[in-house]
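# Examination of the molecular architecture
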Amino acid sequence: MARRACGEGTLHRRKDGRWEGKLRVGVRAGKLVRKSFYGETRQDVTDQMRAYASRHVPNVDVDLTLNEYLEQWLTDSDWRPNTYRLRRIAVDRHIIPHIGARRVGDLDVDDVKVLLRRLKELSVGIATRKQVHATLNAALNVLYRERKLLFNPCSLVPGPRYEPKEKIVLDRHQAKRLMEKAEGQTQVLVVMAATLAMREGELFGLLWNCVDLKRRTIAIVRQLTEDIDGKLALTPLKTKASRRTLELPELTLRALTAWRNAPSRRLCRPVCLHG
């Protein structure tokens, strides 16, 4: 069976002397769908396939390598810093070294399977392999939505199943002991984490102008994270659901009030709670 340019399908001569061409036209129920064309000559079938492709099949850029495309994808998109960092690591460390030289239009299911298999053989963790699969899937989905790819091969390869390790949660007595042992600013952070279920980035990104001691409320609207260059920066929370206003329990109110009025606070910046 003769190979043709990517996106133009395949051609072969049948036993009865006629020519048959097959063109990939999409995916149905997780399987590739191909349309067959028949003719007395190779040119006849080729013309039929090109005519059909011009009406139904998107063009494929056969010149870009995956390396070139992923670099363009990372550069052109508007990323949140943490998302960019995860995508960049997945691309540079795990995707490019193995299949980066492949042309985008030539990528197939086997390429994705080989990539995931190699990472497993190299003892790359499940969470990282899952991130690699998600990154490649997201990048190729852009081309699929823009009708530059007939299908996204990642969509036919399940990502690694990741089962998070069981989290160790302090019970009531352990949490109380920890709060009693902590001092100063650390104690305030521990109390807020225990009573308000705040994440680490939210705790360190909290500003005093988000704390209303009179109304006993705290507004969680930003977090402390690393930017694309790895520098600490205050950024808005990712989703609307993450931005919330909480009522302060009595224990938390007392801890915040004591910390706000502590003599050492006069030497710190008056705005940042973590300052």
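I will try to describe carefully the structure that is included in this document. (Residues numbered from 1 in each chain as written. Predicted model: local features only at pLDDT ≥ 70, side-chain atom pairs only at ≥ 80, totals over all residues. Heavy atoms only, no water.)

This next bit is on the packing of aromatic side chains. What the rule picks out here adds up to 1 aromatic pair. Between W73 and W79 the ring centres are 5.0 Å apart and the planes differ by 85°, which places this aromatic pair in the edge-to-face class. Between the NZ or CZ atom of K35 and the centre of the ring of F37, over which it lies, the distance is 5.6 Å. Across the ring face of W208, the terminal group of R260 is positioned such that the distance to the ring centre comes to 4.7 Å. (Phe/Tyr/Trp six-rings, centres within 6.5 Å; stacked < 30°, edge-to-face > 60°. Lys NZ or Arg CZ within 6 Å of the ring centre and 35° of its normal.)

Let us look at unusual backbone geometry. Phi is positive for A197, close to 55°, though the residue is something other than glycine. By the element assignment, A197 lies in the loop between α7 (184-196) and α8 (200-204). What makes A197 exposed here is its relative accessible area of 61%. Despite not being glycine, R216 shows a phi value in the positive range, around 60°. On the secondary structure map, R216 appears in the loop between β5 (211-212) and β6 (217-220). The exposure class assigned to R216 is partly exposed, which follows from its relative accessible area of 28%. (Helix = DSSP H or I, 4+ residues; strand = E, 2+ residues; numbered from the N terminus. Buried < 20%, exposed > 50% of the residue type's maximum accessible area, 1.4 Å probe, protein only.)

Let's shift gears to the sheet that holds β5. The strand order β5-β6-β9 describes an open sheet built from 3 strands, whose pairing is antiparallel. Edge positions in the sheet fall to β5 and β9 (244-247), since each has one partner strand and no second. Bridge count for β6 against β9 is 4 bridges, and the pairing is antiparallel. Along β9, the bridge assignment pairs I220 with R244. (Pairing = 2+ DSSP bridges.)

In this section: the packing of helix α6 (residues 172-181) against α7. Where α6 meets α7, the axes come as close as 8 Å, and the angle between the chain directions of the two elements is 160°. In terms of axis orientation, α6 runs roughly antiparallel to α7. Crossing hand, α6 versus α7: left-handed. Residue-level inspection shows L178, M179 and E180 of α6 in contact with α7, the latter providing Q187, V190, V191 and A194. Across the contact of α6 with α7, the residue classes tally to 5 nonpolar, 1 polar and 1 charged. (Axes fitted to C-alpha atoms, helices over the stretch in contact; angles between N-to-C directions. Parallel < 35°, antiparallel > 145°, perpendicular 65-115°, else oblique. Left-handed = near helix turned anticlockwise from the far one by under 90°. Contact = heavy atoms within 4.5 Å. Nonpolar A, V, L, I, M, F, W, Y, C, P; charged D, E, K, R; others polar.)

Worth remembering: the numbers are spatial, not functional.
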